[in-house]
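# Report on the structure
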Amino acid sequence: MTTQVVFAEVTESPLDAATLSAQVGHEAAGAVITFSGVVRNHDVGQAVDSIEYSSHPQAAAIIAQLAAETAVRDGVHGVGIAHRVGHLRVGDVALVAVVAAEHRSQGFGAVIDLVDEVKKRLPVWKKQHFTDGHTEWTGL
Amino acid sequence: MTINETTNCSVRFYAGAAEAAGADAVTVELPAGSSLADLVNRLGADDQRLAEVLGVCTLLLEGQAASSHTVLPEGPAAVDVLPPFAGG
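Now for a look at the structure at hand. (Residues numbered from 1 in each chain as written. Chains lettered and ligands numbered in written order. Predicted model: local features only at pLDDT ≥ 70, side-chain atom pairs only at ≥ 80, totals over all residues. Heavy atoms only, no water.)

## What about the overall build of chain A?
Helix and strand content of chain A: 3 helices and 9 strands. Shown N-terminal to C-terminal, the secondary structure of chain A runs as helices and strands in the order β-α-β-β-β-α-β-β-β-α-β-β. Its C-alpha atoms give chain A principal-axis dimensions of roughly 50 × 25 × 25 Å. Scored against the burial criterion, the 140 residues of chain A give a buried share of 44%. Taking contacts inside chain A between residues at least 6 apart in sequence as the whole, the part at least 24 apart equals 76%. Approximately 6700 Å² of chain A is accessible, and the part contributed by carbon and sulfur atoms is 50%. For chain A, the centre of its 10 positive side-chain charges and the centre of its 16 negative side-chain charges are spaced 4 Å apart. (Helix = DSSP H or I, 4+ residues; strand = E, 2+ residues; numbered from the N terminus. Buried < 20%, exposed > 50% of the residue type's maximum accessible area, 1.4 Å probe, protein only. Contact = heavy atoms within 4.5 Å. Areas by Shrake-Rupley, 256 points an atom, 1.4 Å probe, with all protein chains shown as cover. Lys, Arg positive; Asp, Glu negative; His and termini not counted. Charge placed at Lys NZ, Arg CZ, Asp CG, Glu CD.)

## Remarks on the sheet that holds strand β1 (residues 6–13) of chain B
Residues and elements named next belong to chain B. The strand order β2-β1-β5-β3-β4 describes an open sheet built from 5 strands, whose pairing is mixed. Looking along the sheet, the strands with just one partner apiece sit at the ends: β2 (25–31) and β4 (64–65). Sheet topology places strand β3 (residues 58–61) next to β4; 2 bridges connect them, and they run antiparallel. Along β4, the bridge assignment pairs L61 with Q64. Docked against the sheet, helix α2 (residues 36–44) engages β1, β2, β3 and β5 (77–82), running at close to 120° with respect to β2. (Pairing = 2+ DSSP bridges. Axes fitted to C-alpha atoms, helices over the stretch in contact; angles between N-to-C directions.)

## Brief notes about the layout of surface pockets
In this structure, the largest pocket spans a volume of roughly 240 Å³. V38(A), R40(A), Y53(A), K126(A) and G88(B) are the residues nearest the centre of the largest pocket, which is lined by 17 residues in total. Those elements giving two or more residues to the lining of the largest pocket turn out to be β2 (31–38), β3 (42–43), β4 (46–55), β7 (93–101), α3 (104–121) and β8 (124–130) of chain A. Considering only residue class, the lining of the largest pocket consists of 8 nonpolar, 5 polar and 4 charged. (1 Å grid on protein atoms, 1.4 Å probe; cavity = no way out; pocket = protein on both sides within 12 Å on 5 of 7 lines; lining within 4 Å. Points joined across faces, edges and corners; volume = space filled by probe spheres on them. Nonpolar A, V, L, I, M, F, W, Y, C, P; charged D, E, K, R; others polar.)

## Remarks on the nonpolar core
As a rule of thumb, nonpolar side chains are buried together in soluble globular proteins. Within the largest apolar cluster, 29 residues are counted, with the highest numbers of intra-cluster contacts made by Y53(A), V79(A), I81(A), V99(A), L114(A), V118(A) and L122(A). For this core, the elements supplying multiple residues, two or more each, are β2, β4, α2 (59–71), β5 (76–84), β7, α3 and β8 of chain A. Apart from the residues within four sequence positions on either side, V118(A) is in contact with L66(A), I81(A), H83(A) and L95(A). L36(B), L59(B), L61(B) and V79(B) belong to the second largest nonpolar core, which has 21 residues in total. (Core = buried A, V, L, I, M, F, W, Y, C linked by side-chain atoms within 4.5 Å.)

## Some thoughts on helix α3 (residues 48–55) of chain B
All names here are of chain B. Buried residues of α3: L50, V53 and L54, and no others. Across the axial projection of α3, the buried residues extend over an arc of 100°, all falling on one side. Along α3, the residues that are exposed and aim more than 90 degrees away from the buried face are Q48 and G55. As for α3, its buried residues are in contact with β1, α1 (15–21), α2 and β5. The backbone nitrogen of R49 has a side-chain oxygen 3.2 Å away, supplied by the residue at the start of α3, namely D47. (Arc of directions from axis to C-beta. Polar contact = N/O pair within 3.5 Å; in protein donor to acceptor, adjacent residues only side chain to side chain.)

## Looking at the environment of V48(A)
Residue and element names in this part refer to chain A. Within the secondary structure, V48 sits in strand β4. C-alpha separation for the pair V48 and I112, spaced 64 residues apart in sequence, amounts to 25 Å. When neighbours within four sequence positions are excluded, V48 is seen to be in contact with R40, N41, H42, D43, V90, Q128, H129, F130 and T131.

## Things to note about the packing of aromatic side chains
Scanning all chains against the criterion turns up 2 aromatic pairs over all chains. Among the aromatic residues, those joined into a ring-pair cluster are W125(A), Y14(B) and F85(B). (Phe/Tyr/Trp six-rings, centres within 6.5 Å; stacked < 30°, edge-to-face > 60°.)

## Comments concerning the side chain of S21(A)
Take S21(A): it is sitting in helix α1 (residues 17–24). Reaching out from S21(A), the side chain makes a polar contact with the side chain of T34(A) at a distance of 2.8 Å.

## What about the packing of α2(B) against α3(B)?
All names here are of chain B. Their axes nearest at 8 Å, the elements α2 and α3 cross at an angle of 150°. The pairing of α2 with α3 is recorded here as roughly antiparallel in orientation. Contacts from V40, L43 and G44 in α2 reach L50, A51 and L54 in α3. Across the contact of α2 with α3, the residue classes break down as 5 nonpolar, 1 polar and no charged. (Parallel < 35°, antiparallel > 145°, perpendicular 65-115°, else oblique.)

In structure tokens:
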């Protein structure tokens, strides 16, 4: 049974975790783990209104690489990863990571590592807009 | 045989680096044999905020991660300035 990267993309379109999760299931997988990264209404004590995400042209190739690395893990049969860019409001989904694995521990571990790698290696940036009107680039 | 005395850098800024630079892209002329560190020093020479931002950025030379010691090619060299990633 082959492991599939079902989707790996950086997109301006809204992400729906339930729809994406349903695409990744596999008959050999007893666990389908889905993580949604959602725009939160605060950051370090400040009230957040929205976030502007942008990406480098290499981001599409890099997210595909991260998915491929996850796909070869032990017990993993399906992988999907999508990052949204553009202007997102509180409650919007910025990231969806899905792993279908034989056992839950394999699935949870793979999702944690995949999301960590996205944060480390995917060239995506965010500018937070706070409710008091000021803005801030995360990491600068 | 011609020996170039300068090298041209086409610098592209992303996200917060573009905001700090006040531009998405600039062209910089440097003495031949200059390194990426020399480029960074030149870019931040008259702008304290940009210098600070450059200090935490990663540089790509022709699309590949490169250390500050890397000597710029004869040019034109394409350099991308990437702030710390903040995905997820």
